[in-house]
Amino acid sequence: MRCAVYARYSSDLQREASIEDQIRKCREFAALKGWVILDEYIRFDQAISGAALAGRDALNALAADAKRKPRPFDRILIDDTSRLARNVAEALTMVATLKYHGVGVSFVSQGIDTLDKSARQLVTINGMMDEQYLVGLGDKVRRGQEGRVLKGLNPGGRCYGYINAAEFHRP
């Protein structure tokens, strides 16, 4: 089995080592299965949200490669469904497109193989949880911003033309 690997982390606040960790887990999985990872098809997107597939150059390049004839790999290994997408519809569409072109996806940490009969249901259930994470995170960010506004502070970042009182010091 010839395998590609895809990894992703969401923001510049996360450790770049996350990519290495995800790839390591995929390598371990492939070794247990006796599968071969093709180093030229190890791809990753750094500091890019999983909310949408747009702008995910590495993932979209793998999807384009999967459509080539002859197909360069048989399977894409991804550590977790949340690394593929945090949008159920886009995750299912990507999995279906890959499957149509004869490429399976293995979600290593969850043990999901998209070529199994129950895979669509498992990707859907996990995808719903992945998507809900973004909803919950958005709620927490808005809660924090509201708290800052109630204290009379700027809810986020710097505003052009204004100086935060705590930062303003006259000599």
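Colleague: Account for the overall build of the protein chain, naming residues and giving values.
Modeller: If you tally the helices and strands in the protein chain, you get five helices and five strands. Start at the N end of the protein chain and walk to the C end: the helices and strands fall as β-α-β-α-β-α-α-β-β-α. The burial tally for the protein chain puts 40% of its 171 residues in the buried class. Intrachain contacts of the protein chain at a sequence separation of at least 6 include 69% that bridge at least 24 residues. A total accessible area of about 10,400 Å² is found for the protein chain, and carbon and sulfur atoms account for 56% of it.

Colleague: Describe unusual backbone geometry, listing the residues and the values that go with them.
Modeller: Cis geometry marks the peptide bond from Lys-69 to Pro-70, where omega comes out at -5 degrees. Within the secondary structure, Pro-70 sits in the loop between helix H2 (57–66) and strand S3 (75–78). A positive phi angle, near 55 degrees, is found at Ala-47, a position not held by glycine. Assignment of secondary structure puts Ala-47 in the loop between strand S2 (36–45) and H2.

Colleague: Pulling in residues and values, what's your account of the environment of Ala-64?
Modeller: With respect to the helices and strands, Ala-64 occurs in helix H2. When the C-alpha positions of Ala-64 and Leu-98 are compared, they lie 9.4 Å apart, and in sequence the two are 34 residues distant.

Colleague: An account of the state of the cysteines is needed here, citing residue identities and associated values.
Modeller: A covalent bond between the sulfur atoms of two cysteines is what we call a disulfide. Counted under the stated rule, the structure contains zero disulfides. Summary of cysteine pairing: Cys-3 is not part of a disulfide, and the nearest cysteine sulfur, belonging to Cys-26, is at 9.1 Å.

Colleague: Tell me about the sheet that holds strand S4 (residues 104–107), residues and numbers included.
Modeller: Here we have five strands laid out as an open sheet, ordered S2-S1-S3-S4-S5, and mixed in their pairing. Each having just a single partner strand, S2 and strand S5 (112–113) make up the two edges of the open sheet. By the bridge criterion, four bridges tie strand S1 (residues 2–8) to S3 in an arrangement that is parallel. Counterpart to Tyr-6 in the pairing with S3 is Ile-78. Against the sheet, H2 makes contact with S1, S2 and S3, and its axis sits at roughly 140 degrees relative to S2, the strand it touches most.

Colleague: Residues and numbers for the packing of aromatic side chains, please.
Modeller: Applying the stated criterion to the full structure yields two aromatic pairs. Measuring from ring centre to ring centre gives 5.7 Å for Phe-29 and Trp-35, while their planes differ by 75 degrees; the resulting arrangement is edge-to-face.

Colleague: I'd like a description of the side chain of Asp-45, backed by residues and values.
Modeller: Here Asp-45 is to be found in strand S2. With relative accessibility at 4%, the residue Asp-45 sits in the buried group. Of note is the side chain of Asp-45, whose polar atom sits 3.5 Å from the backbone nitrogen of Asp-57. Excluding anything up to four places from it in sequence, Asp-45 contacts Tyr-6, Ala-7, Arg-8, Tyr-9, Ile-19, Arg-56, Asp-57, Ala-58 and Leu-59.

Colleague: With reference to specific residues and values, describe the pattern of salt bridges.
Modeller: Overall, the coordinates contain ten salt bridges when judged by the stated rule. With a closest N to O distance of 3.0 Å, Asp-74 and Arg-2 form a salt bridge. Taken as a pair, Asp-74 in the loop between H2 and S3 and Arg-2 in strand S1 lie far apart in primary sequence, 72 residues in all. What makes Asp-74 buried here is its relative accessible area of 17%. The partner of Glu-28 in a salt bridge is Arg-24, with the nearest N and O atoms 3.6 Å apart. Here Glu-28 and its partner Arg-24 are both found in helix H1 (residues 17–33), four residues apart, which amounts to about one turn of the helix. Residue classification places Arg-24 among the partly exposed residues on the basis of a relative accessible area of 39%.

What counts and how
- Residues take numbers from 1 onward in each chain, read along the sequence in its written order.
- In keeping with the model being predicted, local features are shown solely for residues with a pLDDT of at least 70 and side-chain atom pairs are shown and tallied solely at 80 or more, while totals for entire chains, interfaces and linings include all residues.
- Working from all heavy atoms in the structure, the side-chain values ignore hydrogens and water.
- To qualify as a helix, a DSSP run of H or I must reach at least 4 residues; to qualify as a strand, a run of E must reach at least 2; elements of each kind are numbered from the N terminus.
- When accessible area is computed with a 1.4 Å probe and restricted to protein chains, residues below 20% of their type maximum are described as buried, those above 50% as exposed, and intermediate ones as partly exposed.
- Note on definitions: a residue-residue contact is assigned when non-hydrogen atoms from the two residues lie within 4.5 Å.
- We get accessible surface area from the Shrake-Rupley algorithm with a probe of 1.4 Å; when it comes to residues, only the shown protein chains can shield them.
- Two cysteine sulfurs form what is called a disulfide whenever their separation falls within 2.5 Å.
- Any two strands between which DSSP finds at least two bridges are classified as paired.
- Whenever a helix is involved, its axis is fitted only over the stretch in contact; in every case the axis is a line through C-alpha atoms, and angles between N-to-C directions fall within 0 to 180 degrees.
- Note on aromatic pairs: the rings of Phe, Tyr and Trp (six-membered ring only in Trp) are paired at centre separations within 6.5 Å, and the planes decide the class, stacked below 30 degrees, edge-to-face beyond 60, tilted for the rest.
- Each polar contact in these results corresponds to two N or O atoms within 3.5 Å; when the atoms are within protein, one needs to be able to donate a hydrogen and the other to accept it, and residues that are neighboring in sequence are counted only if both atoms are side-chain atoms.
- By salt bridge we mean one thing: a side-chain nitrogen of Lys or Arg within 4 Å of a carboxyl oxygen of Asp or Glu.

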